[in-house]
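As a plain string of letters, each chain reads:
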Amino acid sequence: MSYGYDDEDAKRKKRYVIISISSVLLISMVVAVTIGVSVNKSDNAGDEEITTSVKAIKDVCAPTDYKETCEDTLRKDAKDTSDPLELVKTAFNATMKQISDVAKKSQTMIELQKDPRAKMALDQCKELMDYAIGELSKSFEELGKFEFHKVDEALVKLRIWLSATISHEQTCLDGFQGTQGNAGETIKKALKTAVQLTHNGLAMVTEMSNYLGQMQIPEMNSRRLLSQEFPSWIDARARRLLNAPMSEVKPDIVVAQDGSGQYKTINEALNFVPKKKNTTFVVHIKEGIYKEYVQVNRSMTHLVFIGDGPDKTVISGSKSYKDGITTYKTATVAIVGDHFIAKNIAFENTAGAIKHQAVAIRVLADESIFYNCKFDGYQDTLYAHSHRQFYRDCTISGTIDFLFGDAAAVFQNCTLLVRKPLLNQACPITAHGRKDPRESTGFVLQGCTIVGEPDYLAVKEQSKTYLGRPWKEYSRTIIMNTFIPDFVPPEGWQPWLGEFGLNTLFYSEVQNTGPGAAITKRVTWPGIKKLSDEEILKFTPAQYIQGDAWIPGKGVPYILGLFSGNGSTNSTVTGSSLSSNTTESSDSPSTVVTPSTSPPAGHLGSPSDTPSSVVSPSTSPPAGQLGAPPATPSMVVSPSTSPPAGHLGSPSDTPSSLVSPSTSPPAGHLSSPSDTPSSVVTPSASPSTSPSPSTSPSASPSASPSAFPSASPSASPSASPSVSPSASPSASPQSSIG
């Protein structure tokens, strides 16, 4: 395409974009958690003179879902100005004041509450609003250093921020499930306008992003980070540390229970982590089981945790919802500071299946990376709450919704380990919680392996495993190049309750392998998508979470696009000492029902320290793999031919000829760790969290978002979905932001 427009035309387009972006930012500022804003409607609105200011407001509100709320709010604060920058400043100051007032009110309400869970919920809301204000401040700063050739980057950031704000608002509301008194209703009313304005802002940003994409202005693409470059915030010393073996690492702080480091506990060490520094700070956590609750605060950015291995360095907790704690507060570890990296560590919650929701880790950090880590738990193990996240060569274990949240997260070459649930409970693996189709969030499982512990395999006929279920209306999950075992029934996915979310969710399977990968008998909900080759690329790490800009140079194996053999060139980007990654031949199509006799082509090898508790699918490394295969226990047999108790619709029979999956990992999988043990034992569990450009339909959210979003993973889902969107407290995972 020719870009031969003259200078005047270029200037005109530039002026238009700047004005448009300013208008978008105006709405972005206004929508940022304006709790308690009173929308004063004029009685004579119909006779209002169409002034320049009013026309500007109408124009910016045009693509929104809640136009009346948008226009009334802007009229109240905008006065007679139509200058976008002045409007942004006015909205920013008004929002900051409003939030400050609400924070004080929240504190007063906390002191008046008698119900402990209600106190926790109010405290949660206060904290979430603080996070939103922080993101509002960053957005305002971004406006101050506005550069035309970075417009596309600015829009990506705005979508990430607004998506996270929606997550914060819903997490606040989720916290009141099961509380007593009227605190929940009070906060619901206070948040109503803020929720609508946030969805409006996201609609505007999405509209502008689509428009700018159509304009194809060359200056906007001049600063794309090459995948060979290191992210700006990774200094040379940090790159050496992340790529070096532990024997050569000289971290900033050493934590060791035996006294060989500066501190004996992680929390002691965190007191000495620099705040709000733009340089990497490395903490080496030596071997040991650290029984403490850890939070990496928002001010602790660019922090790196390096352990001695996921079987050696373990951070352990046991808080649970059943003990009267909101789900988000049950997290053993909470990561809020952006640019966080964890390597060779296990995060666990040992509460057990009987205690229902019990989070191992809650992640809100943008551009966070987890490499060779274990997340062990039962229900709600990994809470991938918000922002962009990347997981490589990790093991996530659990029973119900053990991977949940509203992040934009990619799980590459990870193992999903199903554990034994309570009697007759089903085991849905994922429960993504997207509330708006324009949110840039969703889960992508790429080159992963689904396996079961021996205890689970003994009950798999009664407790089926499902790929996922829709926690919120626009839940989004894409599973590609992944080994799906026979204990995943033919229908594949599980409803939440009745028809909830089935028309609006976004689920897709792409070139998976294994005896459970056949898609011929999958559910046929309207939300089940068949993606084109072009659409599939949008869900690879480079495009979906803009991975090329922040993952390279971290000492983490990374495939930026599709795995080889999927009709696209496969590129692997790694740290300097982790460049031995290889990719293999093409995967078999998703319709394959027979188990693969060799690991899936292209699957990445797991780290040498992969937990000994995870069995590898094959007892010997597949051809071309770097070490032992990832893993499916050889004892896996064909799925039950009868549906689990209570399920909506029985699973189609699986051919009786399908017996145990192959003794080697599915074709296309990347090599697993050389250290992987040959047998599976019972690991513990933990949670996780993540955003990226949405390819989902642009349908607008319901006119009036529910006050209490659908409850999180049910406390005890039976074979069929036992929790409704607004289900009882125990059924809903509260956002752990805390």
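Residues numbered from 1 in each chain as written. Predicted model: local features only at pLDDT ≥ 70, side-chain atom pairs only at ≥ 80, totals over all residues. Heavy atoms only, no water.

Put simply, the rule reads: UniProt positions are given in the numbering used here, feature names are shortened, and annotations may be inferred rather than shown by experiment.
Naming follows an unreviewed UniProt entry, where the chain appears as pectinesterase of Arabidopsis thaliana. Listed in UniProt under the heading Function (unreviewed entry), the comment for the chain reads: "Acts in the modification of cell walls via demethylesterification of cell wall pectin."

### Thoughts on the overall build of the chain
Test applied: Comment: elements are numbered from the N terminus, with helices defined as DSSP H or I runs of at least four residues and strands as E runs of at least two. Accessibility here uses a 1.4 Å probe with only protein chains present; expressed as a share of the type maximum, an area under 20% marks a residue as buried, one over 50% as exposed, and anything in between as partly exposed. To measure how exposed things are, a 1.4 Å probe is used in the Shrake-Rupley method; for residues, cover is taken only from the protein chains shown.
Helix and strand content of the chain: 12 helices and 28 strands. Looking at the chain as a whole, 62% of its 738 residues are labelled buried. Only carbon and sulfur atoms are counted for the fraction: they give 51% of the accessible area of the chain, which is about 25600 Å².

### Digging into the pattern of salt bridges
The criterion, for reference: In the sections that follow, a salt bridge refers to a side-chain nitrogen of Lys or Arg positioned within 4 Å of a carboxyl oxygen of Asp or Glu.
Taken as a whole and assessed by the stated rule, the structure comprises 17 salt bridges. For Arg438, the salt bridge goes to Asp65, with nearest N and O atoms at 2.8 Å. Of this pair, Arg438 sits in the loop between strand S19 (427–432) and strand S20 (442–446) while Asp65 sits in the loop between helix H2 (52–61) and helix H3 (67–78), and the two are 373 residues apart along the sequence. Residue Asp65 is classed as partly exposed on the basis of its relative accessible area, which comes to 23%. Lys435 is the salt-bridge partner of Glu473, the closest N and O atoms lying 3.1 Å from each other. Of this pair, Glu473 sits in the loop between strand S22 (465–468) and strand S23 (476–480) while Lys435 sits in the loop between S19 and S20, placing them 38 residues apart in sequence. Given the relative accessible area of 4%, Lys435 is considered buried.

### Some points on the pairing of strand S15 (residues 395–398)
What counts is decided by this rule: Should DSSP find at least two bridges between two strands, the strands are regarded as paired.
By the alternation rule, side chains of S15 split into Thr395 and Ser397 and Ile396 and Gly398, which are all buried. For strand S12 (residues 374–376) and S15, the ladder comprises two bridges, and the chain directions are parallel. For Lys374, the partnering residue across the bridge sits in S15 and is Thr395. Both S15 and strand S18 (residues 415–418) contribute to a ladder of four bridges, which runs parallel. For Ser397, the partnering residue across the bridge sits in S18 and is Leu417.

### Examining the packing of H2 against H3
Between two packed helices, both the angle of their axes relative to each other and the distance between the axes serve to describe the pair. As a reminder of what qualifies: Angles here are taken between N-to-C directions and fall from 0 to 180 degrees, while the axes themselves are lines fitted to C-alpha atoms, restricted in helices to the stretch in contact. In this scheme the handedness of a crossing depends on how the near helix is turned from the far one: anticlockwise by less than a right angle means left-handed, clockwise means right-handed. Throughout, a contact is declared for two residues whenever any of their heavy atoms are within 4.5 Å. Three categories are distinguished: nonpolar for Ala, Val, Leu, Ile, Met, Phe, Trp, Tyr, Cys and Pro, charged for Asp, Glu, Lys and Arg, and polar for the others, with Gly belonging to the last.
At their nearest, the axes of H2 and H3 sit 9 Å apart, and the two run at 145° to each other. Note that H2 runs across H3; the crossing there is right-handed. Contacts between H2 and H3 involve Ser53, Val54, Ile57, Lys58, Val60 and Cys61 on the former and, on the latter, Lys67, Cys70, Glu71, Leu74, Arg75 and Ala78. For the contact of H2 with H3, a count of residues per class yields seven nonpolar, one polar and four charged.

### Here we look at H3
Basically, it comes down to this: A helix is expected to reach a length of 1.5 Å times the quantity of its residues less one.
With 12 residues, H3 ought to run about 16 Å at 1.5 Å a step, and its terminal C-alpha atoms sit 16 Å apart, in line with that. Inspection of H3 places Thr69, Cys70, Glu71, Asp72, Thr73, Leu74 and Ala78 among the buried residues, and these make up the whole buried set. Looking one or two residues past H3, Lys79 carries a phi angle of roughly 55°, positive in sign.

### Description of the nonpolar core
In plain terms, the rule: Among buried residues, those of type Ala, Val, Leu, Ile, Met, Phe, Trp, Tyr and Cys that are joined through side-chain atoms within 4.5 Å constitute a nonpolar core.
Among the nonpolar cores identified, the biggest contains 63 residues, and Phe305, Phe347, Phe370, Phe375, Tyr391 and Phe411 are the most heavily contacted of them. If you look at the next biggest cluster of nonpolar residues, it comprises 25 residues, including Ile306, Ile369, Ala408 and Leu562.

### Some thoughts on the pairing of strand S24 (residues 506–510)
Along S24, five of the five residues are buried, which leaves the element largely enclosed by surrounding structure. On S24, burial covers both faces: Phe506, Ser508 and Val510 on one face and Tyr507 and Glu509 on the other are all buried. Of the pairings in the sheet, the one linking S23 to S24 comprises five bridges and is parallel in character. The partner of Met480 across the bridge, within S24, is Val510.

### Describing the sheet that holds S20
Pairing is parallel across the open sheet formed by 10 strands, whose spatial order is S1-S2-S5-S8-S11-S14-S17-S20-S23-S24. This sheet does not close on itself; its edge strands, each paired only once, are strand S1 (253–255) and S24. Recorded for the sheet is a direction-independent mean angle of 10° between the axes of neighbouring strands. As defined by bridge partners, strand S14 (residues 388–392) adjoins strand S17 (residues 408–412) across five bridges and the pair is classed as parallel.

### Notes on the side chain of Thr477
Tracing the backbone shows Thr477 in strand S23. What makes Thr477 buried here is its relative accessible area of 0%.

### Quick look at the confidence of the model for the chain
Inclusion rule: Think of pLDDT as the predictor's per-residue confidence, scored from 0 to 100.
On average, residues of the chain score 72 in pLDDT, and 60% of them are at 70 or above. Confidence over residues 565–712 falls short of pLDDT 50; this stretch has 578 contacts with residues more than four positions distant or in other chains. Under a pLDDT of 50 for its full length, residues 720–738 has, in the predicted model, 116 contacts with residues more than four places off or in other chains.

### Things to note about the state of the cysteines
The cut-off we apply is this: In plain terms, two cysteine sulfur atoms within 2.5 Å form what is called a disulfide here.
By the definition in use, this model includes one disulfide. Bridging Cys125 to Cys172, the disulfide has an S-S length of 1.8 Å. Given an S-S torsion of about 95°, the disulfide between Cys125 and Cys172 has right-handed geometry. Of the two residues, Cys125 sits in helix H5 (residues 116–144) while Cys172 sits in helix H6 (residues 151–174), which places them 47 residues apart along the sequence. Here Cys125 falls in the buried class, since its relative accessible area comes to 4%. Cys394 supplies the cysteine sulfur nearest to Cys414, a cysteine that is in no disulfide, at a spacing of 4.7 Å. On the accessibility criterion, Cys414 (1% relative accessible area) is buried.

### Quick notes on the packing of aromatic side chains
Counted only if it meets this: Centres within 6.5 Å are what make two rings of Phe, Tyr or Trp a pair, Trp counting through its six-membered ring; a difference in plane orientation under 30 degrees is then read as stacked, over 60 as edge-to-face, and the rest as tilted.
Here the structure, examined in full by the defined rule, presents 17 aromatic pairs. Judged by centre distance (5.1 Å) and plane angle (70°), the ring pair of Tyr456 and Phe487 falls under edge-to-face. Taken as a pair, Tyr456 in helix H10 (residues 454–457) and Phe487 in the loop between S23 and S24 lie far apart in primary sequence, 31 residues in all. Since its relative accessible area comes to 0%, Phe487 is described here as buried. A ring pair is formed by Phe539 and Tyr544, whose centres lie 5.2 Å apart and whose planes are at 50°; its orientation type is tilted. Grouping residues by exposure puts Phe539 and Tyr544 together as buried.

### Observations regarding unusual backbone geometry
At Asn424, a position not held by glycine, the phi torsion is positive, near 65°. Unlike most non-glycine residues, Asn481 shows phi in positive territory, near 55°. For Asn481, the location among the structural elements is in the loop between S23 and S24.

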